[in-house]
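# Structural characterization, general
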Amino acid sequence: MKGHIESLTMHDEPNVEDNKYTFLVENASDIFYILNSEGTIDYISPQIRRYGLEPEKISNTSFLKYINSSDRKKLASGLQKMMMEKTPLDILFRVIDKDGEERWLENHAEFQIETNLNPSRIIGIMKDVTEHIAMEKELKKYRDRSDESLEIQNAELARSNEELKQKIKDLEVKEERIISLSQFQQTVIENADIWLDVLNREVEVVVWNNAAEAISGYPREEVVGSTKIWDQLYPDKEYRDDVISTVSRIIEEGLEVSDLETTITRKDGEKRIVSWNYKKLLNSKGENVGTIGIGNDITIRKEAEEMQIKNVHFMQELIDAIPAPIFYKDKEGAYLGCNKAFENFSGIKKEEIIGKSTSELQVETQISESYCTDMELIETGGSRAYEKEIVYASDQKKHNVMVNKSVFTDIKGNVLGVIGVILDISDRVRSEMILKEYAKQLERSNELKDIFTDIMRHDLLNHANVINGFAYILLQMEKDEKKIKNLENIEVSNRKLMELIESAASFAKFETIDDINFEPIELAGMLKDVAKQFQYQANQKNISIEHPAHGEYNALANPMIEEVFTNLISNAIKYSPDNSNVIVDILNEDQDWKVTVTDFGDGIPDDEKSLIFDRFKRVDKKGVKGTGLGLAIVKRIVDLHGGDLTVEDNPGRSGTVFGVTFKKV
């Protein structure tokens, strides 16, 4: 094909029909064509007619138009690449012949660049290779079938080979398994911690394992192959005959027996209790040839059971000795037991209660809790106590009781049921009623005390004021020095009486207060206001009152604290010498403010510091006689505030420092 194209390109005449090779081109089996650079057919040889196309009619039409639609894109891309890269194009594509059948064409094309005589063009030759491709497909199918058949044969051969290997391996595994199983069975038999023996139909021992040796004390050499062991294990003939009879019947009838207990005598003479399980022994033909016996030494368990029975009996006697009614139920609400006190309370015997559900006993309605059932208590766990008024069957009287219920568990913590205790609290309830009545009477007494205090303060102060008024008038009128002295004594005594009445009334008021309201109070302002009230008394003794440094000191307190500052500043002025100072200060102590009042008097002895806050206790202050209630009032108010009250010596000088603390806001 390439040779034909080279021959054509050597001639520059545009009309191929005039070429000396016209005969060769038109009579060859291949199809020659010439396309312009846009892919339009300039010439195509007559052989195209075999595909139902006339050369004259398709001339000047697009070459791609006659190519199978599935191959057009591939051919167009190839032609474009050929023209750009100036390289030949070899490609396969399909066309439809005149009979409508698909034909494969092998195409070789070259791009001819424009010359003086000819423009740029594509010259190509197409060869029908349909039969060749069909033969290749058939050949491929044949090869594929041959390969597939060969693969199948190889696979079957390999599978047969593997099956043969597997059978050999399975036989080896079975042989090893049989050997291992035999060894395993022997190991299990010998190392089992339970007595295992095999007996034939004559009750002769065939197998006697290590545990049988350990429990009985007889080695297998003395046991296997004979029946003598039964005489040794069961020396009592009557008991032995009974046991042998039972075992013989098990063998003859092929019975399977569980939990058959016998007492054996060991070789050392010790008695042991053994629990037996017997199963029939069959040979390969299914014939009964003996029995397999499995024995568990339950001596310790039986001793534990006996001990448990004793403990249960002891516990029952113990709870029977408790005077309070006690009962206990399982998780389903059925009674497990009770004590004698519960029998007396309910009027029902324990034997009639056990196993009964709560709904079957009328007593349950008396002791049940309205808002919580036993089932709910079992679900939530814990305990619960509540009070009720119930009628005892023993005396048909109402009793106030407290019912205490709680769940009880096993050693793993699993809930098993509910236990209840009924405590008679009738005496306590009566005592509470008496106490309530006493509290009411005490409350009435306090009310009477308050009334008396108000009357005392009001009436006594009225009379004291009258005395004070008359004493003042008489002093103004009297000229006799002796009478004036007596009248002044009357006035001083009356003033002290008025002070005592006021202090006693205040103390009585604060003594009855247990709860107070708190609010923010600015301490510095209150202290200055209190100090102003005593400025006249301070001036009389030429005493200077120093106030706290400027600032805000907000405390959480009740307005009654003004009484504290009044008493402390008043006492400081009373017990300070003339021409001295009284220092009022506020100190910062973390969460508290500490108010201090310092005087420069004689001070208070250490052994009397603990007494001055008790009512009617006071220290002799060189003729200054107080009521003994002022500091008691201070202590009561500070206690109501939860604060601290201190009294200390004035450091480095004579005098006393009183301190009180209040919470910061």
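Residues numbered from 1 in each chain as written. Predicted model: local features only at pLDDT ≥ 70, side-chain atom pairs only at ≥ 80, totals over all residues. Heavy atoms only, no water.

As a further point, take the sheet that holds strand S14 (residues 398-409). With respect to topology, 5 strands assemble into an open sheet ordered S12-S11-S15-S14-S13, the strand pairing being antiparallel. Every other strand in the sheet has two partners, leaving strand S12 (335-338) and strand S13 (383-391) as the edge strands with one partner each. On average, adjacent strands in this sheet sit at an angle of 20° to one another, irrespective of strand direction. Pairing between strand S11 (residues 326-330) and S12: 3 bridges, direction antiparallel. The residue of S12 that forms the bridge with Phe327 is Cys338. (Pairing = 2+ DSSP bridges. Helix = DSSP H or I, 4+ residues; strand = E, 2+ residues; numbered from the N terminus. Axes fitted to C-alpha atoms, helices over the stretch in contact; angles between N-to-C directions.)

The 5 strands are arranged S17-S19-S20-S22-S21 in an open sheet whose pairing can be described as mixed. Pairing within the sheet leaves two strands with one partner each, and these edge strands are strand S17 (544-546) and strand S21 (645-649). Along the sheet, successive strands turn relative to each other by an average axial angle of 15°, direction set aside. Where strand S19 (residues 581-589) lies against strand S20 (residues 592-598), 7 bridges are found, and the strand directions are antiparallel. The residue of S20 that forms the bridge with Val584 is Val597.

This part covers the packing of aromatic side chains. Applying the stated rule across the entire model yields 14 aromatic pairs. Seen from their ring centres, Tyr33 and Phe63 are 4.7 Å apart, and the 20° between their planes marks the pair as stacked. With Tyr33 in strand S1 (residues 31-36) and Phe63 in the loop between helix H3 (55-58) and helix H4 (69-85), the pair connects residues that are 30 residues apart, well separated along the chain. By relative accessible area, which is 1% here, Tyr33 ends up buried. A relative accessible area of 5% places Phe63 in the buried class. (Phe/Tyr/Trp six-rings, centres within 6.5 Å; stacked < 30°, edge-to-face > 60°. Buried < 20%, exposed > 50% of the residue type's maximum accessible area, 1.4 Å probe, protein only.)

With that settled, the discussion passes to the environment of Glu131. Position of Glu131 relative to the elements: it lies in helix H5 (residues 130-191). Sequence separation between Glu131 and Trp104 is 27 residues, and the spatial gap between their C-alpha atoms is 8.5 Å. One polar contact links Glu131 to Arg103, side chain to side chain, over a distance of 2.8 Å. (Polar contact = N/O pair within 3.5 Å; in protein donor to acceptor, adjacent residues only side chain to side chain.)

The next point concerns the side chain of Arg94. By secondary structure assignment, the location of Arg94 is in strand S3 (residues 89-96). A distance of 3.5 Å separates polar atoms of two side chains, one belonging to Arg94 and the other to Glu102. When neighbours within four sequence positions are excluded, Arg94 is seen to be in contact with Ile67, Asn68, Ser70, Asp71, Glu102, Arg103 and Trp104. (Contact = heavy atoms within 4.5 Å.)

Next up on the list: unusual backbone geometry. Positive phi outside glycine occurs at Val203, with the angle close to 65°. If you trace the backbone, Val203 turns up in the loop between strand S6 (195-200) and strand S7 (205-208). Judged by its relative accessible area of 7%, Val203 is buried. Even without being a glycine, Asp590 presents a positive backbone phi close to 55°.

As a further point, take helix H8 (residues 237-253). Compared with the 24 Å implied by 1.5 Å per residue over 17 residues, the 24 Å span of H8 between its first and last C-alpha is a close match. Here H8 has its buried residues at Arg240, Val243, Thr246, Val247, Ser248, Ile250 and Ile251. Its buried side turned inward, H8 meets S6, helix H7 (228-233), strand S8 (257-265), strand S9 (271-282) and strand S10 (288-297). Trailing H8 by a residue or two, Gly254 shows a phi angle of about 65°, which is positive. (Expected span 1.5 Å × (residues − 1).)

Before going further, it helps to examine the pattern of salt bridges. Applying the stated criterion across every chain yields a total of 28 salt bridges. The residue Glu102 makes a salt bridge to Arg94 at a minimum N-O spacing of 3.5 Å. Arg94 gets classed as buried once you look at its relative accessible area, which sits at 17%. Within the structure, one salt-bridge network assembled from shared partners comprises Arg266, Asp268, Glu270, Arg272 and Asp297. (Salt bridge = Lys/Arg side-chain N within 4 Å of Asp/Glu carboxyl O.)

Our next topic: the pairing of S7. The pairing of S6 with S7 spans 3 bridges and is classified as antiparallel. When the bridges of S7 are listed, Leu199 appears paired with Val205. In this antiparallel pair of consecutive strands, S6 and S7, the connection spans 4 residues, and Val203 shows a positive phi of 65°.

Per-residue pLDDT for the chain averages 82, and the proportion of residues at 70 or more is 83%. Counting interchain partners and residues more than four positions distant, the pLDDT-below-50 stretch residues 1-18 has 32 contacts. In the predicted structure, residues 616-627 sits below a pLDDT of 50 and forms 26 contacts with residues beyond four places in sequence or in another chain. (pLDDT = per-residue confidence, 0-100.)

A cluster of nonpolar side chains, contributed by Phe470, Tyr472, Ile473, Leu474 and Met477, occupies part of the molecular surface with about 550 Å² of accessible area. The topology assignment puts Tyr472 in helix H14 (residues 426-477). In this structure Tyr472 comes out as partly exposed when scored by relative accessible area, which is 49%. (Patch = residues over 30% accessible without salt bridge, like charges linked within 9 Å, V, L, I, M, F, W, Y side chains within 5 Å. Areas by Shrake-Rupley, 256 points an atom, 1.4 Å probe, with all protein chains shown as cover.)

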